Amino acid sequence: MSSAAAFAPLSVSAADTPVEAADVPCPAAAAAEQAAAPLAVLGRDVRVPLVTGGEVTYAALDYAASAPALQRVWDDVAAYAPYYGSVHRGAGYLSQLSTELFEQSRHAVAEFLGCREGDQVVFTRATTDSLNLLSAALPEGARVFVFETEHHASLLPWRRHDVTYLDAPRSPEQAVATLESALHGAPAGPKLVCVTGASNVTGEVWPVRELARAAHRHGARIVLDAAQLAPHRPVHLDELEVDWVAFSGHKLYAPFGAGVLAGRADWLRDAEPYLAGGGASRRVARRNDGGIDVEWHTNAARHEAGSPNVIGAYALASACRALSEAGFETLVAREEELLARLRAGLAEVPEVSVLSLFGEGADQVGVLSFVVDGWNSSHFAAALSAEHGIGVRDGLFCAHPLLRTLLGQDGDTPGECGAPEAAPGERSLNAIRVSFGAGTPDEHVDRFVSAVRQLVREGARWNYRTEDGRCVPLAAADAADVANAAA
Ligand SMILES: Cc1ncc(COP(=O)(O)O)c(C=O)c1O
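Within every chain, residues take consecutive numbers counted from 1 along the sequence as written. Local features in this predicted model are restricted to residues of pLDDT 70 or higher, and side-chain atom pairs are both shown and tallied only at a pLDDT of 80 or more, whereas totals for entire chains, interfaces and linings draw on every residue.

Within an unreviewed UniProt entry, the label attached to the protein chain reads Aminotransferase class V-fold PLP-dependent enzyme, and the organism entered is Streptomyces axinellae.

A closer look at the sheet that holds strand β14 (residues 367-372)
Two strands qualify as a pair provided DSSP detects at least 2 bridges between them. A helix here means a DSSP run of H or I that spans at least four residues, while a strand means a run of E at least two residues long, and both kinds are numbered starting from the N terminus. Across the sheet, which stays open at both edges, the 4 strands sit in the order β13-β14-β17-β16 with antiparallel pairing between neighbours. The outermost strands of the open sheet, each flanked by one partner alone, are β13 (352-354) and β16 (393-395). Averaged over all neighbouring strand pairs, the angle between strand axes comes to 30 degrees, with direction disregarded. For β14 and strand β17 (residues 431-435), the ladder comprises 4 bridges, and the chain directions are antiparallel. Here, axes are lines fitted to C-alpha atoms. For helices the fit covers the stretch in contact, and angles between N-to-C directions go from 0 to 180 degrees.

Examining the site of the ligand
We call a residue near a molecule or strand if the C-beta atom, set from the backbone, is within 6 Å of it. The environment of the ligand is formed by 13 residues, the closest being A126, T128, N200, A227 and S248. Residue assignment for the shell around the ligand shows that the elements contributing at least two residues are α4 (127-137) and α5 (152-155). Amino acids outside the nonpolar list (Ala, Val, Leu, Ile, Met, Phe, Trp, Tyr, Cys, Pro) and the charged list (Asp, Glu, Lys, Arg) are all regarded as polar, and Gly is one of them. Its residues assigned to classes, the shell around the ligand shows 3 nonpolar, 9 polar and 1 charged.

With respect to the environment of Y165
Mapped onto the secondary structure, Y165 falls in strand β6 (residues 162-166). Whether a residue is buried, exposed or partly exposed is read from the other C-beta atoms within 10 Å of its own C-beta, which are placed from the backbone; 20 or more gives buried, 12 or fewer gives exposed, and intermediate counts give partly exposed. With 15 C-beta atoms counted inside 10 Å, the residue Y165 sits in the partly exposed group. Expressed as a C-alpha distance, the spacing of Y165 and V144, which sit 21 residues apart in the sequence, is 8.5 Å. Y165 has contacts with V146 and E148, leaving out every residue within four places of it along the chain. What counts as a contact is two residues whose backbone-derived C-beta atoms lie within 7 Å of each other.

With respect to unusual backbone geometry
Positioned with a positive phi, H88 is a non-glycine residue whose angle comes to about 60 degrees. Secondary-structure assignment places H88 in the loop between α2 (71-80) and α3 (93-112). Here Y253, not a glycine, exhibits a phi torsion of approximately 70 degrees, which is positive. If you trace the backbone, Y253 turns up in the loop between β9 (244-248) and β10 (259-263).

Some points on the pairing of strand β11 (residues 281-286)
Burial of β11 is sparse: only 0 of the 6 residues sit out of reach of the surface. One ladder, built from 5 bridges, connects β11 with strand β12 (residues 292-296); its direction is antiparallel. Each bridged residue has a counterpart across the sheet, and for R286 the counterpart in β12 is I292. Hairpin remark: β11 followed by β12, antiparallel, with 5 residues in the connecting loop; positive phi at G290, about 95 degrees.

Topic: the sheet that holds strand β5 (residues 143-147)
As summarised here, the arrangement of the 7 strands in space is β4-β10-β9-β8-β7-β5-β6, forming an open sheet in which the pairing is mixed. Strands with a single pairing partner mark the edges of an open sheet, and in this sheet they are β4 (120-124) and β6. Neighbour-to-neighbour, the strand axes of the sheet open up by a mean angle of 20 degrees, direction not taken into account. Of the pairings in the sheet, the one linking β5 to β6 comprises 5 bridges and is parallel in character. Note that in β6 the partner of V144 across the bridge is V163.

So this is what it looks like as C-alpha coordinates:
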(Lines give C-alpha, C1' and ligand atoms only; values in the text may rest on other atoms or scores of the structure.)
Protein backbone atom coordinates (compact mmCIF):
# COMPACT_ATOMS: atom_id res chain seq x y z
CA MET A 1 0.00 0.00 0.00
CA SER A 2 1.26 3.50 -0.76
CA SER A 3 1.92 5.76 2.17
CA ALA A 4 0.58 9.30 1.78
CA ALA A 5 3.46 10.63 3.82
CA ALA A 6 5.83 9.23 1.18
CA PHE A 7 4.43 11.49 -1.53
CA ALA A 8 6.56 14.60 -1.62
CA PRO A 9 4.90 16.94 -4.10
CA LEU A 10 7.16 19.12 -6.25
CA SER A 11 10.29 18.14 -4.38
CA VAL A 12 11.17 14.75 -5.84
CA SER A 13 10.71 13.36 -9.31
CA ALA A 14 8.18 10.61 -9.90
CA ALA A 15 10.98 8.12 -10.42
CA ASP A 16 12.02 8.56 -6.78
CA THR A 17 8.55 8.06 -5.32
CA PRO A 18 7.31 4.70 -4.12
CA VAL A 19 4.33 5.07 -6.45
CA GLU A 20 4.48 3.28 -9.74
CA ALA A 21 4.23 5.54 -12.77
CA ALA A 22 1.94 4.62 -15.65
CA ASP A 23 3.42 1.96 -17.89
CA VAL A 24 4.21 3.83 -21.09
CA PRO A 25 5.98 1.66 -23.64
CA CYS A 26 9.23 3.06 -25.01
CA PRO A 27 10.80 0.68 -27.52
CA ALA A 28 14.47 1.13 -28.33
CA ALA A 29 13.73 2.43 -31.82
CA ALA A 30 11.53 5.18 -30.46
CA ALA A 31 14.14 6.05 -27.84
CA ALA A 32 16.82 6.39 -30.52
CA GLU A 33 14.54 8.50 -32.69
CA GLN A 34 13.90 10.71 -29.69
CA ALA A 35 17.60 11.10 -28.99
CA ALA A 36 17.94 14.54 -30.55
CA ALA A 37 14.93 15.99 -28.68
CA PRO A 38 15.78 17.74 -25.40
CA LEU A 39 12.69 16.42 -23.56
CA ALA A 40 10.85 13.11 -23.76
CA VAL A 41 7.18 13.30 -24.68
CA LEU A 42 4.40 10.72 -24.82
CA GLY A 43 3.25 9.33 -28.15
CA ARG A 44 6.66 9.14 -29.76
CA ASP A 45 6.17 5.46 -30.58
CA VAL A 46 2.56 5.61 -31.75
CA ARG A 47 2.03 3.87 -35.09
CA VAL A 48 -0.67 5.08 -37.47
CA PRO A 49 -2.09 3.43 -40.59
CA LEU A 50 -1.38 4.85 -44.05
CA VAL A 51 -4.18 4.96 -46.59
CA THR A 52 -1.78 3.53 -49.16
CA GLY A 53 -1.05 0.51 -46.93
CA GLY A 54 1.16 -0.27 -43.96
CA GLU A 55 1.83 1.94 -41.01
CA VAL A 56 4.36 4.44 -39.80
CA THR A 57 5.40 6.17 -36.58
CA TYR A 58 3.26 9.27 -36.15
CA ALA A 59 5.08 12.59 -36.65
CA ALA A 60 3.32 15.10 -34.38
CA LEU A 61 3.96 18.48 -35.98
CA ASP A 62 1.02 20.37 -34.55
CA TYR A 63 2.48 21.47 -31.21
CA ALA A 64 0.98 24.95 -31.64
CA ALA A 65 -2.53 23.47 -31.36
CA SER A 66 -1.76 21.10 -28.47
CA ALA A 67 1.69 19.81 -27.56
CA PRO A 68 2.16 16.18 -26.49
CA ALA A 69 2.46 15.62 -22.75
CA LEU A 70 5.95 15.53 -21.32
CA GLN A 71 6.85 12.11 -19.97
CA ARG A 72 7.88 13.88 -16.78
CA VAL A 73 4.46 15.55 -16.44
CA TRP A 74 2.73 12.23 -17.00
CA ASP A 75 4.93 10.52 -14.41
CA ASP A 76 4.34 13.28 -11.85
CA VAL A 77 0.59 13.12 -12.37
CA ALA A 78 0.61 9.32 -12.14
CA ALA A 79 2.60 9.51 -8.91
CA TYR A 80 0.13 11.95 -7.40
CA ALA A 81 -3.08 10.29 -8.67
CA PRO A 82 -3.52 7.83 -5.76
CA TYR A 83 -3.38 10.78 -3.36
CA TYR A 84 -5.93 12.84 -5.27
CA GLY A 85 -8.43 14.64 -3.09
CA SER A 86 -10.62 17.74 -2.92
CA VAL A 87 -8.97 21.15 -2.68
CA HIS A 88 -9.85 23.83 -0.08
CA ARG A 89 -12.85 21.85 1.11
CA GLY A 90 -11.94 18.67 2.94
CA ALA A 91 -10.76 17.72 6.42
CA GLY A 92 -9.15 14.46 5.32
CA TYR A 93 -5.44 13.90 4.91
CA LEU A 94 -5.59 13.62 1.13
CA SER A 95 -7.67 16.81 0.88
CA GLN A 96 -5.04 18.62 2.88
CA LEU A 97 -2.28 17.17 0.77
CA SER A 98 -4.11 18.10 -2.45
CA THR A 99 -4.73 21.63 -1.18
CA GLU A 100 -1.05 22.00 -0.38
CA LEU A 101 -0.13 20.64 -3.81
CA PHE A 102 -2.49 23.07 -5.52
CA GLU A 103 -1.02 26.06 -3.67
CA GLN A 104 2.54 24.84 -4.25
CA SER A 105 1.70 24.61 -7.94
CA ARG A 106 0.61 28.23 -7.84
CA HIS A 107 3.99 29.16 -6.33
CA ALA A 108 5.87 27.12 -8.93
CA VAL A 109 4.02 28.91 -11.74
CA ALA A 110 4.70 32.28 -10.09
CA GLU A 111 8.39 31.43 -9.99
CA PHE A 112 8.37 30.29 -13.63
CA LEU A 113 6.80 33.61 -14.62
CA GLY A 114 9.02 35.78 -12.45
CA CYS A 115 5.98 37.19 -10.67
CA ARG A 116 6.48 40.39 -8.66
CA GLU A 117 5.48 41.11 -5.08
CA GLY A 118 1.69 41.33 -4.94
CA ASP A 119 1.02 39.62 -8.29
CA GLN A 120 -1.70 36.99 -8.40
CA VAL A 121 -1.66 33.65 -10.23
CA VAL A 122 -5.19 32.59 -11.12
CA PHE A 123 -5.74 29.07 -12.45
CA THR A 124 -8.14 29.03 -15.38
CA ARG A 125 -9.05 26.53 -18.08
CA ALA A 126 -6.73 27.97 -20.78
CA THR A 127 -5.63 31.20 -22.47
CA THR A 128 -9.10 31.92 -23.88
CA ASP A 129 -10.56 31.64 -20.40
CA SER A 130 -7.78 33.80 -18.90
CA LEU A 131 -8.34 36.64 -21.37
CA ASN A 132 -12.11 36.51 -20.96
CA LEU A 133 -11.57 36.70 -17.21
CA LEU A 134 -9.40 39.78 -17.59
CA SER A 135 -11.95 41.36 -19.93
CA ALA A 136 -14.64 40.80 -17.30
CA ALA A 137 -12.40 42.47 -14.71
CA LEU A 138 -11.64 45.67 -16.64
CA PRO A 139 -12.74 48.86 -14.89
CA GLU A 140 -15.75 50.79 -16.13
CA GLY A 141 -14.98 52.81 -19.26
CA ALA A 142 -11.76 50.94 -20.09
CA ARG A 143 -10.44 51.21 -23.64
CA VAL A 144 -8.69 48.26 -25.24
CA PHE A 145 -6.06 48.33 -28.00
CA VAL A 146 -5.42 45.17 -29.96
CA PHE A 147 -3.76 44.34 -33.27
CA GLU A 148 -5.94 42.72 -35.93
CA THR A 149 -3.27 40.02 -36.17
CA GLU A 150 -4.24 38.40 -32.88
CA HIS A 151 -5.61 34.91 -32.39
CA HIS A 152 -9.37 35.14 -31.85
CA ALA A 153 -8.80 34.36 -28.16
CA SER A 154 -7.05 37.70 -27.73
CA LEU A 155 -8.97 39.56 -30.44
CA LEU A 156 -12.57 38.88 -29.42
CA PRO A 157 -12.98 38.94 -25.60
CA TRP A 158 -12.89 42.75 -25.46
CA ARG A 159 -15.95 43.47 -27.59
CA ARG A 160 -18.05 44.61 -24.63
CA HIS A 161 -15.54 47.48 -24.16
CA ASP A 162 -14.44 50.33 -26.38
CA VAL A 163 -11.91 48.57 -28.64
CA THR A 164 -9.41 50.06 -31.10
CA TYR A 165 -8.25 47.50 -33.65
CA LEU A 166 -4.76 48.24 -34.95
CA ASP A 167 -3.66 47.41 -38.51
CA ALA A 168 -1.18 44.60 -39.08
CA PRO A 169 2.35 45.98 -38.74
CA ARG A 170 5.03 44.89 -41.20
CA SER A 171 7.94 45.04 -38.76
CA PRO A 172 8.42 44.98 -34.98
CA GLU A 173 9.33 48.67 -35.11
CA GLN A 174 6.11 49.45 -36.97
CA ALA A 175 4.15 47.56 -34.30
CA VAL A 176 5.56 49.85 -31.61
CA ALA A 177 5.00 52.99 -33.72
CA THR A 178 1.40 51.96 -34.50
CA LEU A 179 0.65 51.41 -30.84
CA GLU A 180 2.35 54.68 -29.82
CA SER A 181 0.28 56.71 -32.22
CA ALA A 182 -3.01 55.01 -31.24
CA LEU A 183 -2.34 55.60 -27.54
CA HIS A 184 -1.14 59.13 -28.14
CA GLY A 185 -4.59 60.27 -29.26
CA ALA A 186 -6.53 58.22 -26.69
CA PRO A 187 -8.60 60.00 -24.04
CA ALA A 188 -7.73 59.72 -20.34
CA GLY A 189 -9.07 56.74 -18.40
CA PRO A 190 -8.16 53.08 -17.93
CA LYS A 191 -6.55 51.51 -20.98
CA LEU A 192 -5.39 48.00 -21.78
CA VAL A 193 -3.19 46.75 -24.62
CA CYS A 194 -3.44 43.06 -25.51
CA VAL A 195 -0.61 41.57 -27.53
CA THR A 196 0.60 38.12 -28.48
CA GLY A 197 4.17 37.11 -27.68
CA ALA A 198 4.60 34.80 -30.68
CA SER A 199 2.15 34.45 -33.56
CA ASN A 200 0.29 31.17 -33.81
CA VAL A 201 0.41 31.61 -37.61
CA THR A 202 3.87 32.87 -38.53
CA GLY A 203 5.66 31.97 -35.29
CA GLU A 204 7.15 35.46 -35.35
CA VAL A 205 8.13 36.92 -32.00
CA TRP A 206 6.64 40.31 -31.14
CA PRO A 207 8.60 43.12 -29.45
CA VAL A 208 6.83 42.63 -26.14
CA ARG A 209 9.05 44.74 -23.88
CA GLU A 210 9.04 47.68 -26.31
CA LEU A 211 5.25 47.47 -26.60
CA ALA A 212 4.95 47.32 -22.81
CA ARG A 213 7.10 50.41 -22.46
CA ALA A 214 5.01 52.24 -25.09
CA ALA A 215 1.82 51.23 -23.25
CA HIS A 216 3.15 52.41 -19.91
CA ARG A 217 4.42 55.70 -21.35
CA HIS A 218 0.80 56.45 -22.23
CA GLY A 219 -0.70 55.27 -18.96
CA ALA A 220 -2.00 51.99 -20.41
CA ARG A 221 -1.54 48.49 -19.03
CA ILE A 222 -0.64 45.47 -21.11
CA VAL A 223 -1.57 41.80 -21.10
CA LEU A 224 0.62 39.29 -22.92
CA ASP A 225 -0.96 36.36 -24.71
CA ALA A 226 1.87 33.90 -24.17
CA ALA A 227 0.03 30.81 -25.46
CA GLN A 228 2.68 30.34 -28.16
CA LEU A 229 5.59 32.09 -26.47
CA ALA A 230 5.71 30.31 -23.11
CA PRO A 231 6.47 26.83 -24.53
CA HIS A 232 9.44 28.23 -26.49
CA ARG A 233 10.93 31.19 -24.64
CA PRO A 234 11.26 32.39 -21.03
CA VAL A 235 8.29 34.55 -20.08
CA HIS A 236 9.08 36.76 -17.08
CA LEU A 237 6.59 39.41 -16.10
CA ASP A 238 9.27 41.64 -14.65
CA GLU A 239 11.73 41.30 -17.52
CA LEU A 240 9.07 41.78 -20.20
CA GLU A 241 7.52 44.56 -18.09
CA VAL A 242 3.97 43.36 -18.78
CA ASP A 243 1.09 43.69 -16.33
CA TRP A 244 -0.46 40.28 -16.99
CA VAL A 245 0.35 37.11 -18.83
CA ALA A 246 -2.02 34.38 -20.04
CA PHE A 247 -1.13 30.89 -21.27
CA SER A 248 -2.43 27.32 -21.60
CA GLY A 249 -1.18 24.08 -20.06
CA HIS A 250 -2.05 21.99 -23.11
CA LYS A 251 0.36 23.99 -25.29
CA LEU A 252 3.03 23.70 -22.56
CA TYR A 253 3.15 19.89 -22.55
CA ALA A 254 0.60 19.63 -19.69
CA PRO A 255 -2.73 18.64 -21.25
CA PHE A 256 -4.81 18.37 -18.09
CA GLY A 257 -7.19 21.28 -18.57
CA ALA A 258 -5.48 24.13 -16.72
CA GLY A 259 -4.36 27.58 -17.84
CA VAL A 260 -3.12 30.70 -16.10
CA LEU A 261 -3.76 34.39 -15.79
CA ALA A 262 -0.99 35.99 -13.74
CA GLY A 263 -0.17 39.57 -12.90
CA ARG A 264 -1.35 42.68 -11.12
CA ALA A 265 -3.89 42.09 -8.38
CA ASP A 266 -5.77 45.40 -8.22
CA TRP A 267 -8.21 45.14 -11.16
CA LEU A 268 -8.78 41.47 -10.35
CA ARG A 269 -9.42 42.22 -6.68
CA ASP A 270 -11.86 45.03 -7.48
CA ALA A 271 -13.87 43.10 -10.07
CA GLU A 272 -16.94 40.97 -9.58
CA PRO A 273 -15.89 37.30 -9.45
CA TYR A 274 -15.60 35.79 -12.93
CA LEU A 275 -17.77 32.88 -11.77
CA ALA A 276 -20.02 33.17 -8.75
CA GLY A 277 -20.00 30.15 -6.46
CA GLY A 278 -18.28 28.19 -3.73
CA GLY A 279 -14.59 28.83 -3.25
CA ALA A 280 -14.86 32.46 -4.44
CA SER A 281 -17.00 33.48 -1.48
CA ARG A 282 -15.68 33.98 2.06
CA ARG A 283 -19.04 34.53 3.77
CA VAL A 284 -22.64 34.24 2.57
CA ALA A 285 -25.68 35.13 4.72
CA ARG A 286 -29.37 35.93 4.39
CA ARG A 287 -30.22 39.58 5.01
CA ASN A 288 -33.14 40.74 7.10
CA ASP A 289 -34.90 41.87 3.93
CA GLY A 290 -34.69 38.31 2.58
CA GLY A 291 -31.81 38.90 0.16
CA ILE A 292 -28.29 37.44 0.25
CA ASP A 293 -25.10 39.20 1.30
CA VAL A 294 -21.81 37.88 -0.06
CA GLU A 295 -18.29 38.71 0.97
CA TRP A 296 -15.91 37.60 -1.79
CA HIS A 297 -12.29 36.57 -1.42
CA THR A 298 -9.77 39.18 -2.48
CA ASN A 299 -7.01 36.74 -3.52
CA ALA A 300 -6.86 34.48 -6.60
CA ALA A 301 -9.69 32.33 -5.19
CA ARG A 302 -12.07 35.19 -6.06
CA HIS A 303 -11.93 34.08 -9.69
CA GLU A 304 -11.59 30.34 -9.12
CA ALA A 305 -15.11 29.41 -8.01
CA GLY A 306 -15.97 25.73 -8.13
CA SER A 307 -13.73 22.76 -7.33
CA PRO A 308 -10.17 23.56 -8.44
CA ASN A 309 -8.49 21.44 -11.11
CA VAL A 310 -5.64 20.22 -8.93
CA ILE A 311 -4.32 17.71 -11.46
CA GLY A 312 -4.28 20.38 -14.17
CA ALA A 313 -2.48 22.86 -11.92
CA TYR A 314 0.03 20.25 -10.74
CA ALA A 315 0.71 19.11 -14.31
CA LEU A 316 1.25 22.68 -15.39
CA ALA A 317 3.66 23.34 -12.53
CA SER A 318 5.49 20.12 -13.39
CA ALA A 319 5.89 21.27 -17.01
CA CYS A 320 7.18 24.67 -15.84
CA ARG A 321 9.77 22.91 -13.71
CA ALA A 322 10.79 20.57 -16.53
CA LEU A 323 11.27 23.43 -19.01
CA SER A 324 13.24 25.50 -16.50
CA GLU A 325 15.47 22.55 -15.67
CA ALA A 326 16.10 21.76 -19.34
CA GLY A 327 17.01 25.43 -19.74
CA PHE A 328 15.56 27.76 -22.34
CA GLU A 329 19.02 28.31 -23.86
CA THR A 330 19.14 24.62 -24.75
CA LEU A 331 15.53 24.57 -25.92
CA VAL A 332 15.92 27.66 -28.11
CA ALA A 333 19.18 26.43 -29.65
CA ARG A 334 17.60 23.10 -30.51
CA GLU A 335 14.51 24.74 -31.97
CA GLU A 336 16.60 27.07 -34.12
CA GLU A 337 18.40 24.04 -35.51
CA LEU A 338 15.09 22.44 -36.47
CA LEU A 339 13.76 25.68 -37.90
CA ALA A 340 16.87 26.10 -40.07
CA ARG A 341 16.48 22.52 -41.29
CA LEU A 342 12.81 23.10 -42.09
CA ARG A 343 13.38 26.43 -43.83
CA ALA A 344 16.25 25.07 -45.91
CA GLY A 345 14.13 22.10 -47.00
CA LEU A 346 11.12 24.20 -47.94
CA ALA A 347 13.31 26.73 -49.78
CA GLU A 348 14.12 23.97 -52.28
CA VAL A 349 10.45 23.74 -53.25
CA PRO A 350 9.62 26.87 -55.29
CA GLU A 351 5.87 26.12 -55.16
CA VAL A 352 5.93 26.70 -51.37
CA SER A 353 5.34 30.24 -50.06
CA VAL A 354 6.03 30.76 -46.36
CA LEU A 355 3.74 33.30 -44.66
CA SER A 356 5.41 36.14 -42.84
CA LEU A 357 4.41 39.49 -41.45
CA PHE A 358 7.84 40.81 -40.49
CA GLY A 359 9.82 39.35 -43.40
CA GLU A 360 13.14 37.59 -43.77
CA GLY A 361 15.26 37.20 -40.65
CA ALA A 362 12.46 37.80 -38.13
CA ASP A 363 12.87 36.12 -34.75
CA GLN A 364 10.63 33.04 -34.80
CA VAL A 365 9.57 30.13 -32.60
CA GLY A 366 8.91 26.63 -33.98
CA VAL A 367 5.73 27.57 -35.85
CA LEU A 368 5.61 28.10 -39.61
CA SER A 369 2.71 28.44 -42.06
CA PHE A 370 2.74 28.20 -45.82
CA VAL A 371 0.67 27.69 -48.95
CA VAL A 372 1.55 25.55 -51.95
CA ASP A 373 0.91 26.80 -55.44
CA GLY A 374 -1.87 24.85 -57.13
CA TRP A 375 -2.96 23.09 -53.96
CA ASN A 376 -5.90 23.52 -51.61
CA SER A 377 -4.18 23.55 -48.19
CA SER A 378 -6.81 21.26 -46.72
CA HIS A 379 -6.08 18.70 -49.43
CA PHE A 380 -2.34 19.01 -48.85
CA ALA A 381 -2.66 18.54 -45.08
CA ALA A 382 -4.99 15.56 -45.56
CA ALA A 383 -2.43 13.91 -47.85
CA LEU A 384 0.40 14.57 -45.36
CA SER A 385 -1.62 12.72 -42.76
CA ALA A 386 -3.12 9.91 -44.82
CA GLU A 387 -0.09 9.10 -46.98
CA HIS A 388 2.81 10.04 -44.68
CA GLY A 389 1.53 9.80 -41.08
CA ILE A 390 2.33 13.47 -40.42
CA GLY A 391 -0.02 15.59 -38.30
CA VAL A 392 -0.10 19.31 -39.18
CA ARG A 393 -2.94 21.83 -39.13
CA ASP A 394 -4.68 23.53 -42.04
CA GLY A 395 -7.22 26.35 -42.12
CA LEU A 396 -7.24 29.91 -40.86
CA PHE A 397 -5.90 29.03 -37.40
CA CYS A 398 -8.51 31.10 -35.52
CA ALA A 399 -6.77 34.23 -36.81
CA HIS A 400 -9.02 35.07 -39.77
CA PRO A 401 -8.11 38.77 -40.17
CA LEU A 402 -4.38 37.93 -40.11
CA LEU A 403 -4.77 35.15 -42.67
CA ARG A 404 -6.76 37.47 -44.94
CA THR A 405 -3.95 40.02 -44.69
CA LEU A 406 -1.24 37.43 -45.35
CA LEU A 407 -3.10 35.76 -48.21
CA GLY A 408 -4.15 39.06 -49.77
CA GLN A 409 -7.93 38.51 -49.56
CA ASP A 410 -10.45 41.13 -48.54
CA GLY A 411 -13.08 40.68 -45.84
CA ASP A 412 -15.79 39.68 -48.32
CA THR A 413 -13.94 36.72 -49.74
CA PRO A 414 -15.78 33.60 -48.61
CA GLY A 415 -13.81 30.95 -46.80
CA GLU A 416 -13.82 29.55 -43.31
CA CYS A 417 -11.45 27.29 -41.40
CA GLY A 418 -10.52 24.49 -43.77
CA ALA A 419 -12.33 26.03 -46.75
CA PRO A 420 -12.24 22.70 -48.54
CA GLU A 421 -15.25 23.54 -50.73
CA ALA A 422 -12.67 24.47 -53.31
CA ALA A 423 -11.80 21.40 -55.33
CA PRO A 424 -8.43 19.86 -54.52
CA GLY A 425 -5.95 21.64 -56.76
CA GLU A 426 -7.74 24.97 -56.52
CA ARG A 427 -6.30 27.67 -54.28
CA SER A 428 -8.55 28.63 -51.38
CA LEU A 429 -8.46 30.82 -48.30
CA ASN A 430 -6.49 28.56 -46.01
CA ALA A 431 -2.93 27.61 -45.22
CA ILE A 432 -0.88 24.77 -43.74
CA ARG A 433 0.87 25.13 -40.38
CA VAL A 434 3.73 23.01 -39.11
CA SER A 435 4.82 23.42 -35.49
CA PHE A 436 7.17 21.61 -33.16
CA GLY A 437 9.00 21.87 -29.85
CA ALA A 438 11.03 20.24 -27.13
CA GLY A 439 10.03 16.66 -28.01
CA THR A 440 10.58 16.83 -31.77
CA PRO A 441 13.27 14.59 -33.27
CA ASP A 442 15.11 15.51 -36.53
CA GLU A 443 13.37 12.64 -38.27
CA HIS A 444 9.95 14.31 -38.04
CA VAL A 445 11.16 17.46 -39.75
CA ASP A 446 13.10 15.50 -42.36
CA ARG A 447 10.11 13.28 -43.12
CA PHE A 448 7.88 16.34 -43.39
CA VAL A 449 10.23 18.08 -45.86
CA SER A 450 10.55 15.01 -48.05
CA ALA A 451 6.76 14.46 -47.96
CA VAL A 452 6.21 18.06 -49.09
CA ARG A 453 8.70 17.55 -51.92
CA GLN A 454 7.10 14.31 -52.99
CA LEU A 455 3.52 15.68 -52.92
CA VAL A 456 4.52 18.73 -54.95
CA ARG A 457 6.52 16.75 -57.54
CA GLU A 458 4.35 13.65 -57.88
CA GLY A 459 0.94 14.72 -56.56
CA ALA A 460 -1.24 12.85 -54.08
CA ARG A 461 -1.35 9.07 -54.45
CA TRP A 462 -4.91 8.85 -53.19
CA ASN A 463 -8.25 10.54 -53.85
CA TYR A 464 -9.96 12.81 -51.34
CA ARG A 465 -13.37 14.36 -50.79
CA THR A 466 -14.93 16.99 -48.56
CA GLU A 467 -16.85 15.78 -45.51
CA ASP A 468 -18.25 18.08 -42.80
CA GLY A 469 -16.00 20.88 -44.00
CA ARG A 470 -12.82 18.80 -44.02
CA CYS A 471 -10.85 17.11 -46.75
CA VAL A 472 -10.69 13.35 -46.05
CA PRO A 473 -9.40 10.33 -47.98
CA LEU A 474 -11.96 8.41 -50.00
CA ALA A 475 -12.74 4.91 -48.77
CA ALA A 476 -10.62 2.30 -50.61
CA ALA A 477 -13.53 1.04 -52.75
CA ASP A 478 -14.50 4.58 -53.83
CA ALA A 479 -10.87 5.43 -54.52
CA ALA A 480 -10.62 2.38 -56.78
CA ASP A 481 -13.75 3.54 -58.68
CA VAL A 482 -12.21 6.98 -59.18
CA ALA A 483 -8.96 5.42 -60.39
CA ASN A 484 -10.85 3.13 -62.82
CA ALA A 485 -12.90 6.03 -64.14
CA ALA A 486 -9.74 8.05 -64.68
CA ALA A 487 -7.96 5.16 -66.45
C1 LIG B 1 -1.68 32.86 -29.72
C2 LIG B 1 -2.82 32.09 -29.13
N3 LIG B 1 -3.58 32.67 -28.19
C4 LIG B 1 -4.60 32.04 -27.61
C5 LIG B 1 -4.92 30.76 -27.97
C6 LIG B 1 -6.08 30.08 -27.30
O7 LIG B 1 -5.60 29.07 -26.48
P8 LIG B 1 -6.61 28.04 -25.80
O9 LIG B 1 -7.32 27.35 -26.92
O10 LIG B 1 -5.71 27.13 -25.06
O11 LIG B 1 -7.52 28.83 -24.95
C12 LIG B 1 -4.17 30.10 -28.95
C13 LIG B 1 -4.53 28.73 -29.36
O14 LIG B 1 -4.17 28.26 -30.40
C15 LIG B 1 -3.09 30.79 -29.53
O16 LIG B 1 -2.33 30.20 -30.46
